[in-house]
Amino acid sequence: MSSKYNDEEYEEEEEIDESDPMFWLQSLPGGGEEWSVFIKAAEWWHQEHPKWFSNFADQYCYLFDDLPLQTADQMECPLQCTEIHNRFMEEYEELLEEFIIEEGSSYEEFVEEAGKMLNGAQLSIIETTEHTDFLKTLMSSVEYKNFHNLLVNAAKKKKYSKKGKKKKKYEDEDD
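Predicted, not measured: the structure shown is a model, and the values here were computed from it. What you see as residue numbers is a count from 1 along each chain, following the sequence as written. Given that the model is predicted, a residue must reach a pLDDT of at least 70 before its local features are reported, and side-chain atom pairs must reach 80 or more before they are shown or counted; all residues, however, enter totals for whole chains, interfaces and linings. Note that water and hydrogens are dropped before the side-chain values are worked out from all heavy atoms of the structure.

Draft legend 1. Broad picture of the packing of aromatic side chains. By convention, a stacked pair of Phe, Tyr or Trp rings (six-membered ring in the case of Trp) has centres within 6.5 Å and planes under 30 degrees apart, an edge-to-face pair has planes over 60 apart, and any other such pair is tilted. Applying the stated rule across the entire model yields 20 aromatic pairs. The interplanar angle of 70° and the centroid separation of 5.6 Å between the aromatic rings of Phe38 and Phe134 together place this pair among those described as edge-to-face. Residue Phe38 is located in helix H3 (residues 37-48), and its partner Phe134 is located in helix H7 (residues 132-142); the two are separated by 96 residues in the primary sequence. Remark: exposure states derive from per-residue accessible area (1.4 Å probe, protein chains only) relative to the maximum for the residue type, with buried under 20%, exposed over 50%, and partly exposed in between. Note on Phe134: relative accessible area 1%, which makes it buried. For the ring pair Trp52 and Phe56, a centre distance of 5.6 Å and an interplane angle of 25° mean the geometry is stacked. To qualify as a helix, a DSSP run of H or I must reach at least 4 residues; to qualify as a strand, a run of E must reach at least 2; elements of each kind are numbered from the N terminus.

Listed below in structure tokens is the structure:
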């Protein structure tokens, strides 16, 4: 008499090498086959839209060029900056919501998981350079202050990197 366990064919799971970042992600809580919608969204964002926020910021940072960074108690900004934030929110939420629905989840479930993650539960699972744009985008959708300050910094970076390029150009011509 043979055992039913010996007769069944089992598919071997493909083992992931320790050098593969997915190895470590799968070993963390929320990893493996039961990814949360938040983790799935972070990974999808990295694959499909790795520079989306950076490109958006680069396109509109000129409006924030002469504005100061905001603290939690400062919430005044020019109307055009609020309009850009609204445009950002519409585009971001549309992209994200489409993905979440395709995954068979809801935006409410995503928001709930995002809240848990941002409060420190398992955030390390996506604290990698690949997920920086996703985190910047998410944080900018949570609070206007984050959006504002990231665009002010993008404007400064753009302004000062151009000055550096002009200076280098003139130095090269002198040679």
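Continuing now.
Draft legend 2. Highlighting helix H5 (residues 79-102). Helix length check: H5 (24 residues) gives 35 Å between terminal C-alpha atoms against 34 Å at 1.5 Å per residue, within 8%. By the burial criterion, the buried members of H5 are Cys81, Ile84, His85, Phe88, Met89, Tyr92, Leu96, Phe99 and Ile100. In the stretch just after H5, Gly104 is the one whose phi turns positive, near 80°. The span expected for a helix works out to 1.5 Å for each residue beyond the first.

Draft legend 3. Focus on the pattern of salt bridges. Any carboxyl oxygen of Asp or Glu within 4 Å of a side-chain nitrogen of Lys or Arg constitutes a salt bridge here. Under the defined criterion, the tally for this structure stands at four salt bridges. Of the charged contacts, one joins Lys40 and Glu103 as a salt bridge, the two residues approaching to 3.5 Å between their closest N and O atoms. Separated by 63 residues along the polypeptide, Lys40 in helix H3 and Glu103 in the loop between H5 and helix H6 (107-118) bring together distant segments of the chain. Asp66 serves as the salt-bridge partner of Lys159, at 3.9 Å between the closest nitrogen and oxygen. Pair noted here: Lys159 is in helix H8 (residues 144-174) and Asp66 is in the loop between helix H4 (52-60) and H5, with a separation of 93 residues, a long-range link. On the basis of relative accessibility, which here comes to 29%, the residue Lys159 falls in the partly exposed class.

Structural measurements only, silent on function.
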